[in-house]
Amino acid sequence: MSEPQYKRVLLKISGEALAGDAGRGLDFGVIGSVCQAVKQAISMGVQVGIVVGGGNFWRGVKDGGGRMERTRADHMGMLATTLNCLALADVLEQMGVEVRVQTAIEMRAFAEPYIRSKAIRHLEKGRVVIFGCGTGNPFFSTDTAAVLRAAEIDADVILLAKNIDGVYSADPNKDPTAVKYDSITYDDVLAQHLQVMDSTATSLSMDNKIPVILFALKDPQNIIRVLEGEKIGTIVKE
Ligand code: UDP
């Protein structure tokens, strides 16, 4: 095992990635292999914070759009992220990994409230911290929450584990001439409207100079490959 390239990382996992082939709900086979990689990262001495999405249960605009008031639909999305947090925490604990869930909206019977200093202390003690409820505000995404928490905990990098293996010049499923970038600037992502994160999240990472590495979660060992410095996926930086 080579030396990790990063000391503290923020891993963003989309809700959809936890659903496996079903696309909805939880696939414990997938969750198990993701948690195994997280456990391996901890044993390498890397501090790991996780932000998880909720799209495998509910996305405010997509699922509530036109039928619900946006803010309330987003509240449901934030609750959906908490389901994923609790599932990840449980599987990690079963593997003997110490973990704390901190939510942006207080639900003290389930989780700690988000407190930056406490989160950092947990990370320093080798505990995984899973951040729930996104930013705690409607009209935001969990990608933005990932950048926000990464900035707050002073993470070296954001590991954006997605259902796609990198950033492409166009949608590779629709355009056979689409090329994958190894590296791209925040400016180009914004100017070309590339599908990395939403523009709020991209701007926040640009303003705070936090590099983002996008890669496929399909093989969760990719998390370890990135930590060891292997050039997979696409890095978004200045
Ligand atoms: N959400 C929100 N504020 C946040 C983060 C998330 O209101 O700060 C809601 C929003 O409705 C969003 C849903 O939670 O659609 C699930 O998050 P997201 O779509 O980012 O999940 P992912 O696509 O990563 O699974």
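Residues numbered from 1 in each chain as written. Predicted model: local features only at pLDDT ≥ 70, side-chain atom pairs only at ≥ 80, totals over all residues.

## So, the UniProt feature "binding site: ATP" (unreviewed entry) in the chain
Moving on, step 1. As recorded in UniProt, the sites labelled "binding site: ATP" (unreviewed entry) are K12, I13, S14, G15, G55, R59, N163, Y168 and D171. In three dimensions, the annotated residues from a span of 160 residues occupy distinct locations, with a maximal C-alpha spread of 24.1 Å.
Moving on, step 2. By the C-beta count within 10 Å, which is 28 here, K12 ends up buried.
Moving on, step 3. Those residues in contact with K12 that sit more than four places away from it in its chain are V51, T142, D143, A146, I158, L159, L160 and A161.
Moving on, step 4. Along the chain, D171 falls in the loop between strand 7 (167-168) and strand 8 (180-181).
Moving on, step 5. Under the C-beta neighbour-count criterion, D171 is labelled exposed, with 10 such atoms within 10 Å. (UniProt positions renumbered as here; feature names shortened; annotations may be inferred. Buried ≥ 20, exposed ≤ 12 C-beta atoms within 10 Å, placed from the backbone. Contact = placed C-beta atoms within 7 Å. Helix = DSSP H or I, 4+ residues; strand = E, 2+ residues; numbered from the N terminus.)

## Things to note about the UniProt feature "domain: Aspartate/glutamate/uridylate kinase" (unreviewed entry) in the chain
Moving on, step 1. This chain's UniProt record puts "domain: Aspartate/glutamate/uridylate kinase" (unreviewed entry) on residues 7-219.
Moving on, step 2. Secondary structure over residues 7-219 splits into 38% helix and 20% strand, and the C-alpha atoms at its two ends are 22 Å apart.

## Here we look at the nonpolar core
Among soluble globular proteins, nonpolar side chains are generally buried collectively.
Moving on, step 1. Counting 69 residues, the largest nonpolar core has I50, L88, I130, I158 and L159 as its most contacted members.
Moving on, step 2. Aside from chain neighbours lying at most four places away, what touches I158 is L10, K12, A146, V147, A150, S205, I210 and V212. (Core = buried A, V, L, I, M, F, W, Y, C linked by C-beta atoms within 7 Å.)

## With respect to the pairing of strand 1 (residues 8-13)
Moving on, step 1. Here strand 1 lies mainly inside the structure; five of its six residues are buried.
Moving on, step 2. Inspection of the sheet shows strand 1 paired to strand 2 (residues 47-52) by six bridges, in the parallel sense. By the bridge assignment, R8 is partnered in strand 2 with Q47.
Moving on, step 3. Regarding the hand of the β-α-β motif, the stretch spanning strand 1, helix 1 (residues 28-43) and strand 2 is right-handed. (Pairing = 2+ DSSP bridges. Right-handed = clockwise from strand over helix to strand, strands pointing away.)

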